[in-house]
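A closer look at the structure
Each chain, letter by letter, is given below.
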Amino acid sequence: MKQKEGFVLRDVCGEHVIVGEGLGTIDFGKLISLNETAAWLWRKAGEMGDFSIDSLTAALCEEYEVSPEQARADVEAMVAQWQEIGIVE
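The text that follows walks through the structure, step by step, so that each part is easy to find. Predicted model only: the values in this text are computed from it and were never measured.

Remarks on the packing of aromatic side chains
In this description, an aromatic ring pair is defined by two values, namely the gap between the centres and the angle between the planes. Tallying each qualifying case throughout the model produces three aromatic pairs. When the ring of tryptophan 42 is compared with that of tryptophan 82, the centres are 5.0 Å apart and the planes differ by 85°; the resulting orientation is edge-to-face. Here tryptophan 82 lies in helix H3 (residues 68-85) and tryptophan 42 lies in helix H1 (residues 36-48), a separation of 40 residues in the sequence. Under the relative-accessibility criterion, tryptophan 42 is labelled buried at 3%. Residue classification places tryptophan 82 among the buried positions, given a relative accessible area of 1%. Here phenylalanine 51 and tryptophan 82 contribute two aromatic rings whose centre-to-centre distance is 6.4 Å and whose plane-to-plane angle is 90°, an arrangement assigned as edge-to-face.

Focus: the pattern of salt bridges
Applying the stated criterion to the full structure yields three salt bridges. Residue glutamate 47 is joined to lysine 44 by a salt bridge in which the shortest nitrogen-to-oxygen separation is 3.3 Å. Of this pair, glutamate 47 and lysine 44 both sit in helix H1, three residues apart, which is roughly one turn of the helix. According to the relative accessible area criterion, lysine 44 is partly exposed, its value standing at 22%. Close ionic contact of arginine 72 with glutamate 76 constitutes a salt bridge, the shortest N to O distance being 3.2 Å. Residue arginine 72 and its partner glutamate 76 are located together in helix H3, separated by four residues, close to a single helical turn. Bridged by salt links that share partners, the residues Asp54, Arg72 and Glu76 form one connected network.

What counts, and where the lines are drawn
- Residues numbered from 1 in each chain as written.
- Predicted model: local features only at pLDDT ≥ 70, side-chain atom pairs only at ≥ 80, totals over all residues.
- Heavy atoms only, no water.
- Phe/Tyr/Trp six-rings, centres within 6.5 Å; stacked < 30°, edge-to-face > 60°.
- Helix = DSSP H or I, 4+ residues; strand = E, 2+ residues; numbered from the N terminus.
- Buried < 20%, exposed > 50% of the residue type's maximum accessible area, 1.4 Å probe, protein only.
- Salt bridge = Lys/Arg side-chain N within 4 Å of Asp/Glu carboxyl O.

Here you go:
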């Protein structure tokens, strides 16, 4: 999986939001608000380029004190939301 081109994380009034920039996202018209951990996951996924549930879960466990089971559940939920709104492919 990878992030779709043109979707970037911005800090807007103290909130982490993903916005679409450029012609490829012209029909998107949404702001996606993320909490601190979700924003960290988005940045990490961008650093990885191609990412998987497993690679993001491992990274989350390395960064935060969280069990592998809880990390995987959180990553699966976040990635499912990203897929549903069409910002990853």
